[in-house]
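As a plain string of letters, each chain reads:
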Amino acid sequence: LCVVLAIVFSSLTGCGGSNGEMNEPASNAAVANANTSKGESKRSEYPPLASAVAQADMKNLDGSTSKVADRKGKVLLLNMWATWCGPCVQSLPHIDALYQEKSPAGLEVFAVNLQEDKEKVSNFLKEHNLKLPVLLDQNGSVGQQYLASAIPETVVIGKDGTVAHVFVGAGPDT
């Protein structure tokens, strides 16, 4: 998974952030934690997801809802993005390819659009021929709960429901 994510984000940068440092280096050990089952001893360097975050309803484009807590036992990748963010737009086809390649093996991938309306997002997906599932964070609460300060931000959640790694921005080191 680490190698795939490194390829996905190669030569891209991020939007936003306060100090201009968008890229946080990836760690092989942190990404490996995503595949750790409950009985194994590897621990995440990130704090556990708060119950409110894991139980938060996130709206799908079709109007249904999804919860992180409902996907415990699977590796989950949440990619937070917006249509106005150049690096997000560049990275989404790679995230989509990852979704298409790895979802049959059990990786759950969601692109979480931050604060844009359903019609704009739907049109963007059609225009770019993207097939990955998209969740709408129209009021920004999901992004806030995951402490997204710059986008794209990708959160990898392990089988045990804990955050295995967070990639901020996109580039050769993420």
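Not measured: the values here are computed from a predicted model.

(A) Layout of the overall build of the chain. Looking only at helices and strands, the chain features 6 helices and 9 strands. Relative to its 174 residues, the chain shows a buried fraction of 47%. Of the contacts made within the chain by residues no fewer than 6 positions apart, 70% connect residues no fewer than 24 positions apart.

(B) Local environment of the packing of aromatic side chains. Counted under the stated rule, the structure contains 1 aromatic pair. Aromatic side chains Trp81 and Phe124 sit 5.2 Å apart centroid to centroid with 35 degrees between the ring planes, which places their arrangement in the tilted category. Here Phe124 lies in helix H5 (residues 118-127) and Trp81 lies in strand E4 (residues 76-81), a separation of 43 residues in the sequence. When sorted by exposure, Trp81 lands in the same class as Phe124, which is buried.

(C) Region of the structure containing unusual backbone geometry. Omega for the bond connecting Ile151 with Pro152 falls within 30 degrees of zero, at 0 degrees, which places this linkage in the cis form. One can find Pro152 in the loop between strand E7 (150-151) and strand E8 (153-157). We note that Asn129 has phi near 55 degrees; this positive angle belongs to a residue other than glycine. Along the polypeptide, Asn129 turns up in the loop between H5 and strand E6 (134-137). Of note, Leu147 is a non-glycine position whose phi angle comes to about 55 degrees, a positive value. Considering the arrangement of structural elements, one finds Leu147 in the loop between helix H6 (141-145) and E7.

(D) Just the nonpolar core, in detail. By size, the foremost hydrophobic cluster in this structure holds 43 residues, and its most contacted members are Val68, Leu78, Trp81, Tyr146, Ile151, Val155 and Ile157. Elements that contribute at least two residues to this core include exactly E4, helix H4 (86-102), strand E5 (108-114), H5, E6, E7, E8 and strand E9 (163-168). Those residues within four positions of Trp81 in sequence are excluded, and the remaining contacts are Cys88, Leu92, Ala111, Val112, Asn113, Leu114, Val121, Phe124, Val134 and Ile151.

(E) How the structure looks around the pattern of salt bridges. Counted by the stated rule, this structure contains 5 salt bridges. Here Lys74 makes a salt bridge to Glu108, at a shortest N to O gap of 3.2 Å. With a gap of 34 residues between them, Lys74 in the loop between strand E3 (65-66) and E4 and Glu108 in strand E5 connect regions that are remote in the sequence. Judged by its relative accessible area of 39%, Lys74 falls in the partly exposed class.

(F) The arrangement of H5 in detail. Those residues of H5 that fall on the buried side of the exposure criterion are Val121, Ser122, Phe124 and Leu125. The buried side chains of H5 occupy one side of the element, clustering within an arc of 160 degrees when seen end-on. Facing away from the buried surface of H5 by more than 90 degrees, the exposed residues are Glu119, Lys126 and Glu127. Residues of H5 that are buried in the fold lie against E4, H4, E5 and E6. Its side-chain oxygen at 3.2 Å from the backbone nitrogen of Glu119, Asp117 defines the N-terminal cap of H5. Asn129 sits one or two positions beyond H5 and adopts a positive phi of about 55 degrees.

Here is what the cut-offs are and how they apply
- Residues numbered from 1 in each chain as written.
- Predicted model: local features only at pLDDT ≥ 70, side-chain atom pairs only at ≥ 80, totals over all residues.
- Heavy atoms only, no water.
- Helix = DSSP H or I, 4+ residues; strand = E, 2+ residues; numbered from the N terminus.
- Buried < 20%, exposed > 50% of the residue type's maximum accessible area, 1.4 Å probe, protein only.
- Contact = heavy atoms within 4.5 Å.
- Phe/Tyr/Trp six-rings, centres within 6.5 Å; stacked < 30°, edge-to-face > 60°.
- Core = buried A, V, L, I, M, F, W, Y, C linked by side-chain atoms within 4.5 Å.
- Salt bridge = Lys/Arg side-chain N within 4 Å of Asp/Glu carboxyl O.
- Arc of directions from axis to C-beta.
- Polar contact = N/O pair within 3.5 Å; in protein donor to acceptor, adjacent residues only side chain to side chain.

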